[in-house]
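# Tertiary structure, described
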Amino acid sequence: SQTIHQWPATLVQPVGSPLSLECTVEGTSNPNLYWYRQAAGRGLQLLFYSVGIGQISSEVPQNLSASRPQDRQFILSSKKLLLSDSGFYLCAWGQLNYGYTFGSGTRLTVV
Amino acid sequence: AQSVTQLDSQVPVFEEAPVELRCNYSSSVSVYLFWYVQYPNQGLQLLLKYLSGSTLVESINGFEAEFNKSQTSFHLRKPSVHISDTAEYFCAVSGYNFNKFYFGSGTKLNVKP
């Protein structure tokens with residue numbers, strides 16, 4: 001069966017520090033992968049999506065970047081965090097005729 | 001491009017009462033439609049989806065949604081809610097290529113005893 005792993009679950013980082021959130025998928029190959037952010041009181045904002053290794057599409061210009069070094073690995077990064085980067089980050093993989101399967105999320109608080 | 005509007009940000013309702021969460025979409029192409037549920041501090045879980053066929057789709061926990069193409073709507077309903085249904089619900093739309101999903105802003109359902 002297919003599963004998606006996302007870590008860490010919670011993270012508190014100071015302003016200006018780097019960020020690396022990792023997401024891995026098991027049980028499937030060449031998945032479409034996505035990073036979403038959910039800010040308090042707001043809906044889901046698509047940040048990045050990837051249809052293959054090394055292929056990254058950015059939806060919103062911002063302080064973040066994404067990489068896909070392996071088929072089933074998707075990483076969200078930042079060189080210097082801002083207070084506005086706080087939020088709930090969700091990784092997802094998309095499956096034809098099914099929809100999205102989401103990870104359990106990472107609660108990032110920038111202080 | 002597609003977009004999704006969830007008209008109610010919060011819906012309070014008493015236990016065992018019926019509920020409807022509204023979702024409208026706009027798209028210049030045919031779409032797939034989804035409802036997701038999010039419990040506090042968790043990821044989103046697929047509740048139900050419309051891909052093709054019958055316009056009325058049901059979930060295993062008593063929710064149903066009806067695809068109305070003329071009104072571009074996909075409202076979620078349940079005839080009798082439980083306390084455990086308290087969560088945030090997101091409507092989403094995707095084009096046939098499934099490359100990108102667009103989510104509504106979410107509706108918080110608060111079921112009161």
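The rules behind each value
Residues numbered from 1 in each chain as written. Chains lettered and ligands numbered in written order. Predicted model: local features only at pLDDT ≥ 70, side-chain atom pairs only at ≥ 80, totals over all residues. Heavy atoms only, no water. Helix = DSSP H or I, 4+ residues; strand = E, 2+ residues; numbered from the N terminus. Rg over C-alpha atoms; globule rule 2.2 N^0.38 Å. Buried < 20%, exposed > 50% of the residue type's maximum accessible area, 1.4 Å probe, protein only. Contact = heavy atoms within 4.5 Å. Areas by Shrake-Rupley, 256 points an atom, 1.4 Å probe, with all protein chains shown as cover. Lys, Arg positive; Asp, Glu negative; His and termini not counted. Charge placed at Lys NZ, Arg CZ, Asp CG, Glu CD. Disulfide = S-S within 2.5 Å. Buried area = accessible area lost by both parts, 1.4 Å probe. Salt bridge = Lys/Arg side-chain N within 4 Å of Asp/Glu carboxyl O. Polar contact = N/O pair within 3.5 Å; in protein donor to acceptor, adjacent residues only side chain to side chain. Nonpolar A, V, L, I, M, F, W, Y, C, P; charged D, E, K, R; others polar. Pairing = 2+ DSSP bridges.

Here we come to the overall build of chain B. Broken down by element type, chain B carries zero helices and 12 strands. For 113 residues, the compact-globule formula gives about 13 Å, and the C-alpha radius of gyration of chain B, at 13 Å, lands near that figure. On the principal axes, the C-alpha backbone points of chain B span a range of 40 × 30 × 25 Å. For chain B, the residues scored as buried account for 47% of the 113 residues in total. Within chain B, contacts between residues at least 6 apart in sequence are counted, and of these 57% link residues at least 24 apart. Counting only carbon and sulfur atoms, one obtains 49% of the accessible surface of chain B, whose full area is about 5500 Å². Considering chain B, the positive charge centre built from 8 side chains and the negative charge centre built from 9 side chains are found 9 Å apart.

A negative phi angle characterises most non-glycine residues, just as the trans form characterises most peptide bonds. Residue and element names in this part refer to chain A. The omega angle of the peptide bond from W7 to P8 is 0°, so this bond is cis rather than trans. Tracing the backbone shows P8 in the loop between β1 (3–7) and β2 (10–13). Even without a glycine there, the phi angle at N30 is positive, about 50°. Structurally, N30 is set in the loop between β3 (19–26) and β4 (32–38).

What follows covers the state of the cysteines. Note: disulfide means a covalent bond formed between the sulfur atoms of two cysteine side chains. Residues and elements named next belong to chain B. All told, the structure shown has two disulfides over all chains when counted by the stated rule. With its sulfur 1.9 Å from that of its partner, C23 forms a disulfide with C91. Classification of the bridge connecting C23 and C91 rests on its S-S torsion, roughly -65°, and on that basis the disulfide is left-handed. Highlighted residues: C23 in the loop between β3 (19–21) and β4 (24–26) and C91 in strand β10 (residues 87–95), separated in sequence by 68 residues. Owing to a relative accessible area of 0%, C23 belongs among the buried residues under this scheme.

Turning our eyes to something else, we now look at the interface of chain B and chain A. Each partner contributes residues to the interface: chain B has 21 residues there, and chain A has 23 residues. For the pair chain B and chain A, the summed buried area comes to about 1700 Å², and 56% of that belongs to carbon and sulfur atoms. On the surface where chain B and chain A come into contact, there are zero salt bridges. In this structure, the connection of chain B to chain A is made through four residue pairs in polar contact (both at pLDDT 80 or more). Of all the secondary-structure elements, those providing two or more residues to the side of chain B that touches chain A are β5 (31–38), β6 (44–50), β10 and β11 (101–103) of chain B. Per-element accounting of the side of chain B that touches chain A gives the leading share, four residues, to β5(B). Here the side of chain B that touches chain A is composed, by residue class, of 11 nonpolar, seven polar and three charged.

Moving on: the pairing of β3(A). Residue and element names in this part refer to chain A. Relative to β3, β1 is paired through five bridges, and the arrangement is antiparallel. Among the inter-strand pairings, W7 is bridged to a residue of β3, identified as E22. As paired strands, β3 and strand β8 (residues 73–78) are joined by six bridges and run antiparallel to one another. Among the inter-strand pairings, L19 is bridged to a residue of β8, identified as S78.

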